[in-house]
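# Inside the fold
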Amino acid sequence: MKLLTDLEAIKTLTQARLDNRKVTGALPEAITFRSVMVCGGTGCTSSDSSQIIDKLNQEIAARGIQVQVEVVRTGCFGLCELGPVVIVYPEGIFYSRVEVQDIPKLVEAHLLQGKPYEKKIYEKTRQDNGHILNFEETEFYKKQVRIALHNCGVIDPENIDEYIGSDGYQALGKVLKTMSRQEVIETVKQSGLRGRGGGGFNTGLKWEFAAKQDKAQKYVICNADEGDPGAFMDRSILEGNPHSVIEAMAIAGYAIGADQGFIYVRAEYPIAVQRFMKALEQAREYGLLGSDILGTGFSFSIEVRLGAGAFVCGEETALIHSIEGHRGMPTPKPPFPAVEGLWGQPTIINNVETLANVAQIIMHGAAWYAGFGTEKSKGTKVFALGGKVVNTGLVEVPMGITLREVIFEIGGGIPGGKKFKAVQTGGPSGGCLTEEHLDCTIDFDTLTSLGSMMGSGGMIVMDEDTCMVDVARFYLDFTRDESCGKCTLCRIGTKRLLELLDKITEGKGTMEDLEKLESLSNQIRNASLCALGQTAPNPVLSTLKYFREEYLAHVVDHKCPAGVCKSLIAYQIDEELCRGCSLCAKKCPVDAITGELKEPFVIDTAVCIKCGVCFDVCKFKAVAIV
Amino acid sequence: METHQAGSCGSTAEADEKLMKVQSAISQFRMVKGALIPVLHEIQDIYGYLPEPVLEVVSAELGLTMSEIYGVASFYHFFSLTPKGEHVVHLCMGTACYIKGAQGILDRLSTELHVPVQGTTEDNKFTLEATRCLGACGLAPVMTIGEKVHGRLVPGNIPKILKEYK
Ligand SMILES: Cc1cc2nc3c(=O)[nH]c(=O)nc-3n(C[C@H](O)[C@H](O)[C@H](O)COP(=O)(O)O)c2cc1C
Ligand code: SF4
Ligand code: SF4
Ligand code: FES
Ligand code: FES
């Protein structure tokens, strides 16, 4: 078992190593030690970052410079779009899309000669005068404030000493040794932290409810189901800084009087599961979990439960039923889990990102945290920025920043010179916002008032090539599929909504259908038990409100302005542009294209299945969607 | 559903070994409250799906009715009651991937493999599945084949990628 003094010792020992991972502005000749950070997040791992690490170690060993260099596998840096990402300190040079064959030259140039390896330097860090910016000064990172993502990309998540070296488990020590349960709750309340899992409920208040229950057995559950398609912040936190979640769960356990925690995590997230398990093992080994933690008499343990791919299981009552071994179906609240949760005992459920803020709040104080954000939405929020935006990735920004700043400054705008059309926030429960909302601030209440939502923080950008009716159809297909089936209007209503949307995207919709969409949406909203059903119509209602003309184009003109809805488009070859190369004819899976070499080719629309292959392959842009 | 001999593919020794693993998973979780789902995860890990005879073992050992077990197994998308092909292709149809053209990839996969979504090829090589968000949205559109993630896909990539597995 470790004591607080042991943590101090580990911290002192490791801190020196972590201090090297900072941009110092030192001159190349003065640098004697470099840290090579390689992203080990899911994005980068899937593009071979593991092989890059192996190769780095090989090359470094071959040159006998092991003492001057460390190679660290970290969590996600955020700019997953550019993966695999490698960052070298103390210069803060950001290498993107690194390949295994780049490594020998990178080692030679940068690590041996102190000259950055030109070929893979991230474009945006290059300046006209030849100077290379440290990555923190780029548009993508400049406005970000990393609190929940603190440590992601900085430490080796599989090494508990590094977490301790960066102040890890200090908050737990502080809480257990110097704070009463009520003081902990008060601090979290004061910080203004609201749940990041979607509901936005005050976290301290939730803890207080559970703490007030006079029961011997209570539970803490970490919700790592992350059902929102298009969101991956929870996954990245578990992969990049798993101990922050463990530490916060123990703090929550102390605050409410629980000695048992569960983490419910998706089986689809193997790297996150494996890193979290490893972190649990290390925490147990150090006596930071188990009985008599840090010699304070407080005991707490954590079990992992794997989700099995049902979106509704992210809903807290459903999640509880799932851990109990049943179908994950929601039940009415009250009773709230804080009063009667897992196996009938008081239970708090918190989202991963919510928990990732807790130790930071304890360490730096409630006022520090409340110093970020807006009046009613304190702190920062992590967004998974995706879709038609240049810098897709993870961004953590103070609440109150505008959509425009996130999409156009941090996100780098829309790729391919296309026009911005909409941004979808809040996942399937959220809504689509438009150009005119770009200067609105991002916080819980503003987004809700505009008919969208913060949700878990998925932020999907759409350009002129996105059909908003099709997007609404996409979400309805999702919620219909994911409805647990308990409520009639959720089960059948979403199906009917989907049918209506299908009809419209096929060009068979009527004006009456538009009215039906609206009235049915309102009924589903009002008659569903859980938030899945209650919010399922949001994508329909928000697109109807802000993109009505697009619905009208489908219904009245039988046109899909974005050229997405298959029934309303046809592929045609432009005679003028066609060079008669026959490539499209060769690739067409149904032989719908005929013609003579060097003469314009023709598509037989009766045979064409509208797969779009010809459109993709034509080098002369001769295939058009009409 | 067809009935399968537990571990019908492969030798009896292999079948025995698999059943042993199931037994050990059951004893590992027997004392845990809510054991069913963790046990189903283990079985799916061992067999790639949930074979009926094995579920019968679970029913006897954990004292749950078959209908209870089916009720749970069929509720969760991750569990499958039918065997899958050698390579399971999971194409992400999450929002980020959809917006970036996942539908086109799915269509292409379906044409190349000659199977509909959720289908298995005749030679049992591939099963095509659409899933929700693999959490690698930065690389959208994304699919996994087995453990390997393929990202930033365009329809034209598909034939070449599939060839790697043929
Ligand atoms: C259909 C549905 C799905 C949900 N999915 C998740 C999820 O994947 N992760 C999550 O943390 N919260 C999810 N929630 C919200 C949880 O029910 C709960 O409010 C949250 O986990 C509480 O934690 P927080 O207060 O820290 O946000 C979902 C809610 C609903 C209605
Ligand atoms: S609203 Fe839908 S998902 Fe929620 S309980 Fe009712 S049927 Fe189930
Ligand atoms: S869209 Fe597909 S089916 Fe139609 S002509 Fe082009 S390649 Fe052939
Ligand atoms: S996964 Fe590597 S930067 Fe996000
Ligand atoms: S939406 Fe496809 S990986 Fe997230």
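The written sequence of each chain sets the order in which its residues are numbered from 1. Chains carry letters from A onward and ligands carry numbers from 1 onward, assigned in written order. The predicted nature of this model means local features are confined to residues of pLDDT at least 70 and side-chain atom pairs, given and counted, to a pLDDT of 80 or more, with totals for whole chains, interfaces and linings taken over all residues. Heavy atoms throughout the structure, all of them, feed into the side-chain values; hydrogens and water do not.

On to the overall build of chain B. Scanning chain B from terminus to terminus reveals 7 helices and 4 strands. Numbering of helices and strands runs from the N terminus, with a helix taken as a DSSP run of H or I at least four residues long and a strand as a DSSP run of E at least two residues long. Starting at the N terminus and ending at the C terminus, chain B contains elements arranged as α-α-α-α-β-α-α-β-β-β-α. Each principal axis of the C-alpha atoms in chain B carries an extent, and together these give about 50 × 35 × 25 Å. Contact criterion: two residues are considered in contact whenever any of their non-hydrogen atoms come within 4.5 Å of each other. At a minimum sequence separation of 6, the contacts of chain B that also span at least 24 residues come to 58%. Here the accessible surface of atoms and residues is derived via Shrake-Rupley with a 1.4 Å probe, and residues count as covered only by protein chains that are part of the display. Element-wise, carbon and sulfur atoms account for 53% of the exposed surface of chain B, whose accessible area totals about 7600 Å². Under this rule, positive means Lys or Arg and negative means Asp or Glu; His and the chain ends count for nothing. Throughout, a charge is located at the NZ atom of Lys, the CZ atom of Arg, the CG atom of Asp or the CD atom of Glu. Placing the 14 positive and 18 negative side-chain charges of chain B at their respective mean positions leaves the two points 12 Å apart.

A word on the site of ligand 2. Each residue is tested against the molecule or strand, and it is near if at least one of its non-hydrogen atoms lies within 4 Å. By nearness alone, 13 residues border ligand 2, and Cys 484, Lys 486, Cys 487, Cys 490 and Cys 530 of chain A come closest of all. Classifying every residue of the shell around ligand 2 by side-chain character gives 8 nonpolar, 4 polar and 1 charged. Throughout this entry, Asp, Glu, Lys and Arg are counted as charged residues, while Ala, Val, Leu, Ile, Met, Phe, Trp, Tyr, Cys and Pro are counted as nonpolar. The remaining residues, Gly among them, count as polar.

A few words now on the side chain of Lys 218 of chain A. All names here are of chain A. Looking at the element boundaries, Lys 218 is found in the loop between helix H9 (203-212) and strand S5 (219-224). Residue exposure (1.4 Å probe, protein chains only): buried if accessible area is under 20% of the type maximum, exposed if over 50%, otherwise partly exposed. We define a salt bridge as a side-chain nitrogen of Lys or Arg found within 4 Å of a carboxyl oxygen belonging to Asp or Glu. Of the side chains bearing the opposite charge, Asp 214 lies closest to the buried Lys 218, which forms no salt bridge; the N-O distance is 6.7 Å. Polar contacts, as counted here, are pairs of nitrogen or oxygen atoms within 3.5 Å of one another; within protein the pair requires one atom able to donate a hydrogen and one able to accept it, and residues that are adjacent in sequence qualify only if both atoms are side-chain atoms. Within polar-contact distance, the side chain of Lys 218 engages the backbone oxygen of Ala 211 at 3.2 Å. Reaching out from Lys 218, the side chain makes a polar contact with the backbone oxygen of Gln 213 at a distance of 2.7 Å.

Glancing now at unusual backbone geometry. Residues and elements named next belong to chain A. Omega for the peptide link from Gly 83 to Pro 84 comes to -5°, which places this bond in the cis form. Mapped onto the elements of the fold, Pro 84 is located in the loop between strand S2 (69-74) and strand S3 (86-89). Along the chain, Lys 333 connects to Pro 334 via a cis peptide bond; the corresponding omega equals -5°. By the secondary structure assignment, Pro 334 is in the loop between helix H13 (316-323) and strand S8 (347-351). With phi around 45°, Arg 97 is a residue other than glycine that occupies positive phi space.

Residue and element names in this part refer to chain A. Tallied over the full model, the rule gives 51 salt bridges over all chains. Among the ionic pairs, Lys 189 bridges to Glu 186, the shortest N-O distance being 3.9 Å. Residue Lys 189 and its partner Glu 186 are located together in helix H8 (residues 181-191), separated by 3 residues, close to a single helical turn. Among the salt bridges present, the one from Asp 439 reaches Arg 404, with a minimum N-O distance of 2.9 Å. Of this pair, Asp 439 sits in the loop between strand S12 (431-434) and helix H17 (444-449) while Arg 404 sits in helix H16 (residues 403-410), placing them 35 residues apart in sequence. Looking at Asp 439, the relative accessible area reads 51%, which means it is exposed. If you follow the salt bridges from partner to partner, you end up with Arg 17, Arg 21, Glu 70 and Glu 162 in one network.

The partner chain B presents 37 residues to the 59 residues of chain A that form the contact. Here the buried area means the combined drop in accessible surface, using a 1.4 Å probe, for two parts upon being joined, counting both sides. Of the roughly 3800 Å² buried where chain A meets chain B, counting both sides, 59% is carbon and sulfur surface. Its largest share of buried area at the contact with chain B, chain A owes to Ala 308, Arg 327 and Phe 474 of chain A, together 16% of the area lost on that side. Inspection of the region where chain A meets chain B yields 3 salt bridges. As a salt-bridge pair, Asp 107 of chain B and Lys 566 of chain A come within 2.9 Å of each other at their nearest N and O atoms. In this assembly, chain A and chain B are joined by 23 residue pairs in polar contact (both at pLDDT 80 or more). When residues of the side of chain A that touches chain B are traced back to their parent elements, those giving at least two are helix H2 (42-46), strand S6 (260-266), strand S7 (301-307), H13, strand S13 (458-463), helix H18 (468-482) and helix H25 (613-617) of chain A. Counting residues per element, the side of chain A that touches chain B draws most heavily on H18 of chain A, at 9 residues. Counted by class, the side of chain A that touches chain B contains 27 nonpolar, 14 polar and 18 charged residues.

So, on to the side chain of Thr 144 of chain B. Within the secondary structure layout, Thr 144 of chain B lies in strand S3 (residues 143-145). For Thr 144 of chain B, the residues in contact, after removing those within four places along its chain, are Val 88, Val 89, His 90, Leu 134 and Val 149 of chain B.

Right, let's get into helix H11 (residues 242-256) of chain A. Residue and element names in this part refer to chain A. An expected span of 1.5 Å times one less than the residue number is assigned to each helix. Compared with an ideal rise of 1.5 Å per residue, which puts 15 residues at 21 Å, H11 spans 22 Å between its outermost C-alpha atoms and is within 8% of the ideal. Counting buried positions along H11 gives 15 out of 15 residues, so the element sits mostly inside the fold. The positive-phi residue at the C-terminal boundary of H11 is Gly 257, with phi of around 90°.

Below, the discussion takes up the site of ligand 3. Ligand 3 sits among 14 residues. The nearest are Cys 588, Cys 608, Cys 611, Gly 612 and Cys 614 of chain A. Residues belonging to the shell around ligand 3 are distributed by class as follows: 12 nonpolar, 1 polar and 1 charged.

Of note, Gly 612 of chain A is situated in the loop between strand S16 (602-603) and H25. Sequence spacing of Gly 612 of chain A and Val 145 of chain A is 467 residues, and the spatial spacing of their C-alpha atoms is 42 Å.

Residues and elements named next belong to chain A. With 154 residues, the main nonpolar core has Tyr 169 and Trp 207 as its most contacted residues. Per-element accounting of this core gives the leading share, 10 residues, to H11. With near-sequence residues (within four places) excluded, Tyr 169 lies in contact with Leu 7, Ile 160, Tyr 163, Ile 164, His 243, Ile 246, Glu 247, Ala 283 and Leu 288. Buried Ala, Val, Leu, Ile, Met, Phe, Trp, Tyr and Cys residues form a nonpolar core when they are joined through side-chain atoms within 4.5 Å.

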